[in-house]
Amino acid sequence: MTYLSHLQCSDCGRHFNASEIQTYCPDCQAPLFACYDLDAARFKLDRDEFRRRLPGMWRWHEFLPVSNPENILTLGEGDAPLLRAPRLGAELNLPNLYVKDEGRNPTGSFKARGLSAAISKAKELGIEKVIIPTAGNAGGAMAAYAARGGLQAYIFMPNNTPNANVEESRIAGATVIQIDGLISEAAGMAGEKARAEGWFDVSTFKEPYRAEGKKIMGYELAEAFEWRLPDVIIYPTGGGTGLVGMWKAFDEMEKLGWLENKTRPRMVAVQAEGCAPVVKAFESGASFCDFWIGATTIASGLRVPKSFADQIILKYLHESQGTAVAVSDDLIIAAQHRLAALEGIFAAPEGAATLAGLEILVEQGWVKPEETIILFNTGTGLKYI
Amino acid sequence: MTRTILYIEDNADNSLLVRRALEARGYQFLWAENGLQGLEMIEQKQPDLLLLDINLPDIDGYEVARRLRSSGKGQLAYLPIIAITANALKGDAEKALNAGCDVYMAKPINIRELWARVEAFLPTTE
């Protein structure tokens, strides 16, 4: 049973009914967050009981938004392995270095988590047609979950999206529209189509539930470290759903009284030099990002000129005393080779970017040898061949 | 002194949202539904800032910006312009800046960001 109680605007705090279809706050034009009755959950739930359940994201169903279990659309997402990286750690003098390998999710990326949650909830709300703009992996994931739920999927993606994303979407029955532009332009077109046709727009943060699926990464990390959060989380940041979702998970677990340490991880947003709006805003102390002109990088998931949740991402980076780092495509490629050669992990370019970012932070002395550090590999490199 | 902002936008819902947001901050709000009407209002009302939608029913926002910047009328040539678009076409942001807009914002218009962008040109604490 879910403890979902309502939705709340991330800016003005206005409440919204979670039993009705919602998008974002109509007053502030800011994302909505799902809220749970954590006081009730605190008294009824035992944190250690969750590890005795069958593996997967939905073992945390109390903190996911679906009321009727029959509406849950799962392909086995979640509980992606947390791998120690001893050889890489030895090179960097970081003995407590880990990789959360999200490439092991269905459809080969962490997008499966968010889309499992969002499409399940869409089904529960009676939605029949869903539309998404995507840099690639979110489209493939949405197509898969929509197929499983019998929903019709429409996907807008840039025409330089990896072919695997196009093919996996089409074979799952989705209608794919490739456009001459970036994800921001795909988002504009998808939004217009959604308004014109009455389809539900599952764009990042323009509906409340993708972040809920992603937040479970935070629950899994806490559980894996015996409810003590790691020191540093390094996360490739395009739309930023995972970064925001995990911070939300830490908030929830704190309210549940589940955490053993009061110190939160320092969150690090890694972006590509060719598209680094968060880094630029963070470094200048701005509270929102400028739209990045001429975005270009091999990491298609990082070609996001401006996230709809930019203000929240920046807020959480500051709250966590974290930072933001830009890395070149050359460094991303080198890091991809090192991850594979030293640890056997064939990471997506976005995931490899986190290692490139870590190497910069090591040089700067921003991380310390005794710290527990998590790199997020958000997808498998196989999809980019 | 009350500052005046003109919004050229063919969508009444968007206009209403922005009107509420700006009036809440003490700005005077003017609305034009198309580019040519907007250019006329700029001449007549001399606003302090222009919010400019790109996809308009007559001349597009790029053309509005270009005409203003090349008008030879000093005041208009330096009128701050914030382009607001649904970025439905490739390179909208680049085109808007090249046409003479100062800032580019994508829809949906985040109101807190809008306030900050407007405030940067027209401080309310004067």
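Being a predicted model, the structure only gives us computed values, none of them experimental.

Asker: Explanation requested: the overall build of chain B in the structure shown.
Answerer: A tally of helices and strands in chain B yields six helices and five strands. Here chain B has a C-alpha radius of gyration of 13 Å; the compact-globule value for 126 residues is 14 Å, and the two agree. Along the three orthogonal principal directions, the C-alpha set of chain B runs to about 35 × 30 × 25 Å. Out of the 126 residues in chain B, the part that is buried amounts to 53%. Once local pairs closer than 6 in sequence are excluded, the contacts in chain B between residues at least 24 apart make up 60%. Total accessible area on chain B stands at roughly 5,700 Å², and carbon and sulfur atoms take up 47% of it. Both charge centroids of chain B, one from 14 positive and one from 18 negative side chains, sit 3 Å from each other.

Asker: Can you help me understand the interface of chain A and chain B in this one?
Answerer: Size of an interface, as often reported, equals the accessible area lost when the parts are brought together. With 25 residues of chain A at the contact, the number on the chain B side is 20 residues. Summed over both partners, the interface of chain A with chain B comes to about 1,800 Å²; 53% of that surface belongs to carbon and sulfur atoms. Linking chain A to chain B there are three salt bridges. Close ionic contact of Lys306(A) with Glu113(B) constitutes a salt bridge, the shortest N to O distance being 2.8 Å. The interface formed by chain A and chain B holds eight residue pairs in polar contact (both at pLDDT 80 or more) in total. For the side of chain A that touches chain B, the elements supplying multiple residues, two or more each, are helix 6 (183–197) and helix 10 (310–319) of chain A. Among the elements that line the side of chain A that touches chain B, the one with the most residues is helix 6 of chain A, at five residues. When its residues are assigned to classes, the side of chain A that touches chain B shows ten nonpolar, six polar and nine charged.

Asker: Explanation requested: a nonpolar patch on the surface in the structure shown.
Answerer: Taken together, the side chains of Phe346(A), Leu382(A) and Ile385(A) define a hydrophobic patch exposed on the protein surface, amounting to about 360 Å² of accessible area. Considering the arrangement of structural elements, one finds Leu382(A) in the segment after strand 13 (373–377).

Asker: I'm lost on the layout of surface pockets in this one. Help?
Answerer: The gaps left among the atoms become clear once a water-sized probe is rolled over them. Residues and elements named next belong to chain A. Roughly 540 Å³ of internal volume is contained in the second largest pocket. Lining of the second largest pocket is provided by 27 residues; of these, Cys-9, Ser-10, Phe-33, Lys-315 and Tyr-316 occupy positions nearest its centre. The set of elements that each furnish at least two residues to the lining of the second largest pocket consists of strand 1 (4–9), strand 3 (32–36), helix 1 (38–44), helix 8 (241–256) and helix 10. Broken down by element, the residue count for the lining of the second largest pocket peaks at five residues, all from helix 10. Considered class by class, the residues forming the lining of the second largest pocket number twelve nonpolar, six polar and nine charged.

Asker: Which parts of the structure should I look at to understand the side chain of Glu62(A)?
Answerer: Residues and elements named next belong to chain A. Locating Glu-62 in the fold gives a position in the loop between helix 1 and strand 4 (82–84). We classify Glu-62 as buried; its relative accessible area is 6%. Looking at Glu-62, its side chain comes within polar contact range of the side chain of Arg-53, at 2.7 Å. Filtering out sequence-adjacent residues up to four positions away, Glu-62 remains in contact with Met-1, Thr-2, Tyr-3, Tyr-36, Leu-45, Phe-50 and Arg-53.

Asker: Explanation requested: the sheet that holds strand 12 (residues 323–327) of chain A in the structure shown.
Answerer: Remark on secondary structure: sheet strands pair via backbone hydrogen bonds, oriented parallel or antiparallel. Residue and element names in this part refer to chain A. Pairing is mixed in the open sheet, where six strands are placed in the order 4-5-13-10-11-12. For this open sheet the edge positions go to strand 4 and strand 12, each flanked by a neighbour on one side alone. The average angle at which neighbouring strand axes cross in this sheet is 25°, direction not considered. Of the strand pairs in this sheet, strand 4 and strand 5 (residues 97–101) are connected by three bridges, and their pairing is antiparallel.

Asker: Is there a simple way to think about the pairing of strand 3 of chain A in this case?
Answerer: Across a regular strand the side chains alternate sides, sitting on one face of the sheet and then on the other. Residues and elements named next belong to chain A. By the criterion of burial, strand 3 is predominantly enclosed, with five of the five residues buried. Alternating positions in strand 3 separate into two faces, Leu-32, Ala-34 and Tyr-36 on one and Phe-33 and Cys-35 on the other, with burial throughout. As judged from the five bridges shared by strand 1 and strand 3, these two strands associate in the antiparallel manner. Of the residues in strand 3, the one forming a bridge with Cys-9 is Leu-32.

Asker: Would you mind showing me how to read the nonpolar core here?
Answerer: Note on soluble globular proteins: their nonpolar side chains tend to be buried together. Residue and element names in this part refer to chain A. One finds Val-130 and Trp-258 to be the most contacted residues of the largest nonpolar core, which totals 92 residues. Take this core: its biggest share by element is eight residues, from helix 8. Residues in contact with Trp-258, not counting those within four places in the same chain, are Leu-45, Arg-47, Phe-50, Trp-60, Phe-63, Tyr-219, Trp-227 and Met-253. Val-270, Ile-332, Leu-358 and Val-367 belong to the second-largest nonpolar core, a separate cluster that totals 31 residues.

Asker: Honestly, the packing of aromatic side chains in this entry has me stumped. Any pointers?
Answerer: Geometrically, a pair of aromatic rings is defined through the distance of the ring centres and the angle of the planes. All names here are of chain A. Under the defined criterion, the tally for this structure stands at 18 aromatic pairs over all chains. With a centroid separation of 5.2 Å and an interplanar angle of 45°, the aromatic rings of Trp-60 and Tyr-219 are classed as tilted. One end of the pair, Trp-60, is in the loop between helix 1 and strand 4; the other, Tyr-219, is in helix 7 (residues 210–224), and 159 residues separate them in sequence. With a relative accessible area of 0%, Trp-60 lands in the buried category. Residue Tyr-219 is classed as buried on the basis of its relative accessible area, which comes to 0%. Arranged with centres 5.5 Å apart and planes meeting at 75°, the rings of Trp-227 and Trp-258 form a pair that is edge-to-face. Here Trp-227 is found in the loop between helix 7 and strand 10 (232–236), whereas its partner Trp-258 is found in the loop between helix 8 and strand 11 (266–272), with 31 residues between them in sequence.

Cut-offs used in this document
- Per chain, residues are indexed from 1 in the order of the written sequence.
- Numbering of ligands from 1 and lettering of chains from A proceed in the order in which they are written.
- With pLDDT at 70 or above as the cut-off, local features in this predicted model cover only qualifying residues; side-chain atom pairs require 80 or more to be listed or tallied, and sums for whole chains, interfaces and linings still use all residues.
- Only hydrogens and water are removed before side-chain values are computed, so all heavy atoms of the structure are retained for them.
- Labels follow the DSSP assignment, with helices taken as runs of H or I lasting at least four residues and strands as runs of E lasting at least two, numbered in each case from the N terminus.
- Atoms considered for the radius of gyration are the C-alpha atoms alone. The globule rule reads 2.2 Å times the number of residues to the power 0.38.
- Burial classification: accessible surface area is computed with a 1.4 Å probe over protein chains only, and a residue below 20% of its type maximum counts as buried, one above 50% as exposed, and the rest as partly exposed.
- The contact criterion used is simple: two residues touch if any of their non-hydrogen atoms lie within 4.5 Å.
- Accessibility throughout is a Shrake-Rupley quantity obtained with a 1.4 Å probe, and a residue counts as covered only by protein chains that appear here.
- The charge count includes Lys and Arg as positive and Asp and Glu as negative, but it does not include His or the ends of the chains.
- We put the charge of a Lys on NZ, of an Arg on CZ, of an Asp on CG and of a Glu on CD.
- Buried surface area refers to the total accessible area, computed with a probe of radius 1.4 Å, that the two partners give up upon joining, counted for both partners together.
- We count a salt bridge whenever a side-chain nitrogen from Lys or Arg sits within 4 Å of a carboxyl oxygen from Asp or Glu.
- Pairs of N or O atoms within 3.5 Å make up the polar contacts considered here, provided that, within protein, one atom can donate a hydrogen while the other can accept it, and that residues adjacent in sequence are counted only when both atoms are side-chain atoms.
- Three categories are distinguished: nonpolar for Ala, Val, Leu, Ile, Met, Phe, Trp, Tyr, Cys and Pro, charged for Asp, Glu, Lys and Arg, and polar for the others, with Gly belonging to the last.
- Patch members must show over 30% relative accessible area and no salt bridge, and they are joined within 9 Å when carrying like charges or within 5 Å when they are nonpolar side chains of Val, Leu, Ile, Met, Phe, Trp or Tyr.
- The definitions used throughout rest on a 1 Å grid laid over the protein atoms alone, on which a cavity is an enclosed set of points accommodating a 1.4 Å probe that cannot get out and a pocket is an open set flanked by protein within 12 Å on both sides along at least five of seven lines; lining residues are those having an atom within 4 Å of a point.
- Grid points are joined across faces, edges and corners, and a volume is the space filled by probe spheres set on the points.
- Think of it this way: DSSP has to see at least two bridges between two strands before they count as a pair.
- Between N-to-C directions, angles span 0 to 180 degrees; the directions come from axes that are lines fitted to C-alpha atoms, helices contributing only their stretch in contact.
- Take the buried residues of types Ala, Val, Leu, Ile, Met, Phe, Trp, Tyr and Cys, join any two whose side-chain atoms come within 4.5 Å, and each joined set is a nonpolar core.
- Side-chain rings of Phe, Tyr and Trp, where Trp is taken by its six-membered ring, are said to pair if the distance between their centres is within 6.5 Å; with planes under 30 degrees apart they count as stacked, over 60 as edge-to-face, and otherwise as tilted.

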